[in-house]
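Per-entry structural report
For reference, the chains in residue letters:
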Amino acid sequence: MTTEQAASGSFDPNSVSKVMMVHAPRAVAWRVFTEQMGTWWPLSVYKIGKTNAIDAVIEPHAGGRWYERGDDGSTCDWGSVLSWEPPSRLVLSWDITADWQYDPALKTEIEVRFIAEGEAATRVELEHRKLDRYGARRDEMRRIFDTEGDWGRLLAMFAARVAAV
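For clarity, every value in this text was computed on a predicted model and none was experimentally measured. (Residues numbered from 1 in each chain as written. Predicted model: local features only at pLDDT ≥ 70, side-chain atom pairs only at ≥ 80, totals over all residues. Heavy atoms only, no water.)

1. Details of the environment of Glu-109
Examined against the element boundaries, Glu-109 turns out to sit in strand E6 (residues 108–116). Measuring from C-alpha to C-alpha, the distance between Glu-109 and Glu-127 comes to 7.9 Å, with 18 residues separating the pair along the chain. Excluding residues within four positions of it along the chain, Glu-109 makes contact with Leu-82, Val-91, Leu-92, Glu-127, His-128, Arg-129 and Lys-130. (Helix = DSSP H or I, 4+ residues; strand = E, 2+ residues; numbered from the N terminus. Contact = heavy atoms within 4.5 Å.)

2. Comments concerning the layout of surface pockets
Of the voids in this model, the largest pocket is the one considered here, and its volume is about 230 Å³. In terms of lining, the largest pocket is formed by 15 residues, of which the most central are Trp-41, Tyr-46, Trp-94, Trp-100 and Phe-145. A breakdown of the residues in the lining of the largest pocket according to their chemical character gives 12 nonpolar, one polar and two charged. (1 Å grid on protein atoms, 1.4 Å probe; cavity = no way out; pocket = protein on both sides within 12 Å on 5 of 7 lines; lining within 4 Å. Points joined across faces, edges and corners; volume = space filled by probe spheres on them. Nonpolar A, V, L, I, M, F, W, Y, C, P; charged D, E, K, R; others polar.)

3. Remarks on the sheet that holds strand E5 (residues 89–94)
Ordered in space as E1-E7-E6-E5-E4-E3-E2, the seven strands form an open sheet in which the pairing is antiparallel. Edge positions in the sheet fall to strand E1 (15–22) and strand E2 (53–58), since each has one partner strand and no second. Each adjacent strand pair in this sheet contributes to an overall mean axis angle of 20°, direction not counted. Helix H2 (residues 26–35) contacts E1, E2, strand E4 (75–85), E5, E6 and strand E7 (122–129) of the sheet and is inclined by roughly 150° relative to E6. (Pairing = 2+ DSSP bridges. Axes fitted to C-alpha atoms, helices over the stretch in contact; angles between N-to-C directions.)

4. Points about the packing of aromatic side chains
If you walk through the whole model with that rule in mind, you get 18 aromatic pairs. Here Phe-33 and Phe-114 contribute two aromatic rings whose centre-to-centre distance is 5.7 Å and whose plane-to-plane angle is 75°, an arrangement assigned as edge-to-face. Separated by 81 residues along the polypeptide, Phe-33 in helix H2 and Phe-114 in strand E6 bring together distant segments of the chain. Here Phe-33 falls in the buried class, since its relative accessible area comes to 4%. Using a relative accessible area of 1% as the deciding quantity, one classes Phe-114 as buried. Over the ring of Tyr-67 we find Arg-65, and its NZ or CZ is 4.1 Å from the ring centre. (Phe/Tyr/Trp six-rings, centres within 6.5 Å; stacked < 30°, edge-to-face > 60°. Buried < 20%, exposed > 50% of the residue type's maximum accessible area, 1.4 Å probe, protein only. Lys NZ or Arg CZ within 6 Å of the ring centre and 35° of its normal.)

As structure tokens, then:
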């Protein structure tokens, strides 16, 4: 916890928040995040399926699947789409356990907000919440999402891809 978080009372042990500015209009940022995840997500290392992952897919509607696709055509679920509000808000369930296995009962949540900052920039706010669902491993998973596996690093990869579009 930073001194600023302690002073403001904003620290939530059950949540990790990251913010990234991207140099693209909001609609472009939304499209790259939701339709082109496989172009920026590091599928060679951030995957849970048994085969080589070649794409990450978010089905474009509430109730849709969020999954990786393997080079053999297989799929491995990561979660589901809880809210689909283009181009401003996306909520996904993250159903991957602390042992990196899919469990549809886990239901941690990732909310991503796309906020226009003028015509050519977008502030992307990501919050991964309900980390208490990891039970005794909450602090371990919070640390991974905050600093080791780092949603911030993933957002930086996303921002680099958006800049290249």
